[in-house]
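Architecture and fold: a report
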Amino acid sequence: MKHSAENRGIKGFDGGDAVDPTLLLTEECDVLIPAALGGVINKDNADAIKAKYIIEAVNHPTDPEATRFGQRRAC
C-alpha cells in the first residue's frame, strides 16, 4: 500500500512478480469478475477463458460476440 501511494501505482514494486494482463484472463479459476474495462472479454480471447463462472460487473466487460460464445459453451 505504501509503494502504491508513493508511486501512484504498483509499477516497480519488487515484492511480487509481474503478470501479463492478457494472460490473467486465461488462468484456471472458479470465478472471473472482469470489472474495470469494457470489452476485455472478446471474440479473440473468449474461447481461452478457463473460469467456471464469469460474473460481469461494470462497464460491459464482455462484447456481444464473446457473450454468444459463452452462451454456446454453457449449453
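Everything below is about the structure shown above.
A brief structural summary. (Residues numbered from 1 in each chain as written. Predicted model: local features only at pLDDT ≥ 70, side-chain atom pairs only at ≥ 80, totals over all residues. Heavy atoms only, no water.)

1. Comments concerning the overall build of the protein
Looking only at helices and strands, the protein has three helices and two strands in total. Listing every helix and strand of the protein by position from the N terminus yields α-α-β-β-α. Split into buried and exposed, the 75 residues of the protein put 19% on the buried side. Across the protein, every contact between residues at least 6 apart in sequence was considered, and the portion connecting residues at least 24 apart equals 17%. Of the roughly 6100 Å² of accessible surface on the protein, 56% is carried by carbon and sulfur atoms. (Helix = DSSP H or I, 4+ residues; strand = E, 2+ residues; numbered from the N terminus. Buried < 20%, exposed > 50% of the residue type's maximum accessible area, 1.4 Å probe, protein only. Contact = heavy atoms within 4.5 Å. Areas by Shrake-Rupley, 256 points an atom, 1.4 Å probe, with all protein chains shown as cover.)

2. Description of the environment of Ala-57
Here Ala-57 lies in the loop between strand E2 (53-54) and helix H3 (64-74). A relative accessible area of 41% means that Ala-57 is categorised as partly exposed. Setting aside chain neighbours within four positions, we find Ala-57 in contact with Ile-33, Pro-34 and Ala-35.

3. Describing the nonpolar core
Counting residues in hydrophobic clusters, the biggest one holds seven residues: Leu-25, Leu-32, Ile-41, Ala-46, Ile-49, Ala-51 and Ala-66. Setting aside residues up to four positions removed in sequence, Leu-32 forms contacts with Leu-25, Ile-41, Ile-49, Ala-51, Tyr-53, Ile-54 and Ile-55. (Core = buried A, V, L, I, M, F, W, Y, C linked by side-chain atoms within 4.5 Å.)

4. A word on the side chain of Asn-42
Structurally, Asn-42 is set in the loop between strand E1 (31-32) and E2. A distance of 2.9 Å separates a polar side-chain atom of Asn-42 from the backbone nitrogen of Asp-44. The contacts of Asn-42, once residues within four sequence positions are left out, are Asp-63 and Ala-66. (Polar contact = N/O pair within 3.5 Å; in protein donor to acceptor, adjacent residues only side chain to side chain.)

5. Considering the environment of Ala-36
Note on placement: Ala-36 falls in the loop between E1 and E2. Distance from Ala-36 to Ala-57, taken between C-alpha atoms, is 8.1 Å for residues 21 residues apart in sequence.

6. Some points on the side chain of Thr-26
Here Thr-26 lies in the loop between helix H2 (21-24) and E1. At 2.9 Å, the side chain of Thr-26 and the backbone oxygen of Leu-23 are in polar contact. What Thr-26 contacts, discounting residues up to four positions off in sequence, is Ala-48, Ile-49 and Lys-50.

7. Description of a nonpolar patch on the surface
A contiguous nonpolar patch, built from Val-31, Ile-33, Tyr-53 and Ile-55 and spanning about 400 Å² of accessible area, is present on the exposed surface. Relative to the assigned elements, Tyr-53 resides in strand E2. For Tyr-53, a relative accessible area of 55% gives the class exposed. (Patch = residues over 30% accessible without salt bridge, like charges linked within 9 Å, V, L, I, M, F, W, Y side chains within 5 Å. Salt bridge = Lys/Arg side-chain N within 4 Å of Asp/Glu carboxyl O.)

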